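These are the residues of each chain, in order.
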Amino acid sequence: MSQQEQVRPEIQSIRDKDAAGETLTTRELFILKSRTFPHSVDFLEKLKGEKEYDKRELVEIFYAAARYLDDAAEDSKLKIPKKKHLMNLFGRAITEVARRESSESLEDIITGELKEITDTALEATSDDDSKIFFRQFGKGAIFRDIQHLAHSVKDVFRDSLTTMAYGMEMFLDKGEISNLEELDSYAYYVAGILGEGLGKIVRIVDGYEGLNYSHARKLGKLLQTTNIIKNIREDIDARARFPDSRIVFLPKEMYDPMTPFDLVYSSERKAKKLRRITFEGMLSIAKNNIEEAVQYIIRIPKELNGYKAFCLHPVITAIENLKLMERAGAEQVFRGEAKAVKISPYTFKKITSFVPDLIRSGKADAWIEEYSVEPSKYSFTETSYSPKRYARWSSRW
């Protein structure tokens, strides 16, 4: 059993429900494909302010829909032209779903565009959980949930998801990331736009006008660029097995005239030097988002503590992952060594238990500002060198 499944033990019950022929809920699909993020989403309900709107269900629908795009574009073995077609079909379908009243039928979409995009994705995946996700996605539960939302919220879903689909289609057409600026642009389309969308949802359902959407985009881009760095080896291995099936995320300007495969696999001294340069450049793009992501969190008032915790949890996790990878260095990250690219279950557990305590203390703003400036001062990891370090500093807050 993977460390993620130890975090979310209900995964097997979701698989069993699918095997029995039952239709999964949007929440179950969300949990199936987002093993650690549901902990962040749970805070929306568990820590919500007295008058704060419970946004857990909205966020689960939003991210479950976005997950289809992410998986279809990045994880399946489909050739790029087919993936571009799926992005286009999805954009058309979600636009029509958002337009329709809740009383109108979606059967033509479910048996038309939705059937095509799920059947095509199913043909090209061998992962069992992805098969469950695509098959169940095709039953239309997520589209029906979107259809029944308020029109103002549906408009945000439509705008965010169609922009995401457009960006993915555009970068699939390019096939590679040319430079660091394009890496930042890609992160905007696949995650920054979702961060902005969530800020707009808060404005609609909570009536809070004080969020900076530019900062919201930075938060999304921080999470996305961190994941791209974590998955350098996994992504290039997949590209090697299935040519012309996915985007090469390594910025070409950093290692030209080498091929991305030579960059990753070669043992030559030149390749090692370029791996370091590429790694440092990608780290800089991720880190450039931290300050404004933190300012976004600080601007969330205590009346919206559920949303504040929801944003805080993945940001801490991303910063801890960046610390881990920077400490490990380019060679271990490019080899994809688990100890270099994934924080331990222990560390994740400590972060998850620390966030609600910090939120309830009322000191979250002061802590996240101090932590973001010098994250090396803090450690969620208990080691033989500093077994009590976490306990000492966490007690301050």
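In the block above lies the structure referred to throughout.
Enquirer: So what's going on with the overall build of the protein chain? Which residues, and what values?
Expert: Counting its secondary structure elements, the protein chain contains 23 helices and zero strands. Taken against the 2.2 N^0.38 rule, which gives 21 Å for 397 residues, the C-alpha radius of gyration of the protein chain at 21 Å falls within 12% of a compact globule. Taken over the C-alpha atoms alone, the protein chain extends approximately 60 × 55 × 40 Å along its principal axes. Considering the protein chain as a whole, with its 397 residues, one finds that 56% of them fall into the buried category. Residue pairs in contact within the protein chain that sit at least 24 positions apart in sequence constitute 72% of those at least 6 positions apart.

Enquirer: Could you give me a rundown of the packing of helix 3 (residues 26–33) against helix 9 (residues 128–137), with the residues and numbers involved?
Expert: The N-to-C vectors of helix 3 and helix 9 enclose an angle of 155°; their axes lie 10 Å apart at closest approach. In terms of their interaxial angle, helix 3 and helix 9 are classed as roughly antiparallel. Viewed along their axes, helix 3 and helix 9 form a crossing whose handedness is left-handed. Side by side, helix 3 and helix 9 meet where Leu29, Leu32 and Lys33 of the first sit next to Asp129, Ser130, Ile132, Phe133, Gln136 and Phe137 of the second. Partitioned by chemical class, the residues of the contact of helix 3 with helix 9 number five nonpolar, two polar and two charged.

Enquirer: Any chance you could break down the packing of aromatic side chains for me, citing the residues and the numbers?
Expert: As enumerated under the stated definition, the model contains 26 aromatic pairs in all. Each ring, one from tyrosine 68 and one from phenylalanine 137, has its centre 4.9 Å from the other, and the planes form 15°; the classification is stacked. You can see tyrosine 68 sitting in helix 5 (residues 56–74) and its partner phenylalanine 137 sitting in helix 9, a full 69 residues away along the chain. In this structure, lysine 200 packs its charged tip against the face of tyrosine 213, placed 5.8 Å from the ring centre.

Enquirer: A description of the side chain of lysine 55 should follow, citing residues and the corresponding values.
Expert: The residue lysine 55 is located in the loop between helix 4 (37–46) and helix 5 in this model. A polar contact of 2.7 Å, which involves the side chain of lysine 55, links it to the side chain of aspartate 206. Lysine 55 has contacts with Leu44, Val202, Val205, Asp206 and Tyr307, leaving out every residue within four places of it along the chain.

Enquirer: Before we move on, can you summarise a negative patch on the surface with the specific residues and values?
Expert: A contiguous patch of negative charge on the surface is contributed by Asp75, Asp127, Asp128 and Glu234. With respect to the helices and strands, aspartate 127 occurs in the loop between helix 8 (113–123) and helix 9.

What counts and what doesn't
Residues numbered from 1 in each chain as written. Predicted model: local features only at pLDDT ≥ 70, side-chain atom pairs only at ≥ 80, totals over all residues. Heavy atoms only, no water. Helix = DSSP H or I, 4+ residues; strand = E, 2+ residues; numbered from the N terminus. Rg over C-alpha atoms; globule rule 2.2 N^0.38 Å. Buried < 20%, exposed > 50% of the residue type's maximum accessible area, 1.4 Å probe, protein only. Contact = heavy atoms within 4.5 Å. Axes fitted to C-alpha atoms, helices over the stretch in contact; angles between N-to-C directions. Parallel < 35°, antiparallel > 145°, perpendicular 65-115°, else oblique. Left-handed = near helix turned anticlockwise from the far one by under 90°. Nonpolar A, V, L, I, M, F, W, Y, C, P; charged D, E, K, R; others polar. Phe/Tyr/Trp six-rings, centres within 6.5 Å; stacked < 30°, edge-to-face > 60°. Lys NZ or Arg CZ within 6 Å of the ring centre and 35° of its normal. Polar contact = N/O pair within 3.5 Å; in protein donor to acceptor, adjacent residues only side chain to side chain. Patch = residues over 30% accessible without salt bridge, like charges linked within 9 Å, V, L, I, M, F, W, Y side chains within 5 Å. Areas by Shrake-Rupley, 256 points an atom, 1.4 Å probe, with all protein chains shown as cover. Salt bridge = Lys/Arg side-chain N within 4 Å of Asp/Glu carboxyl O. Lys, Arg positive; Asp, Glu negative; His and termini not counted. Charge placed at Lys NZ, Arg CZ, Asp CG, Glu CD.

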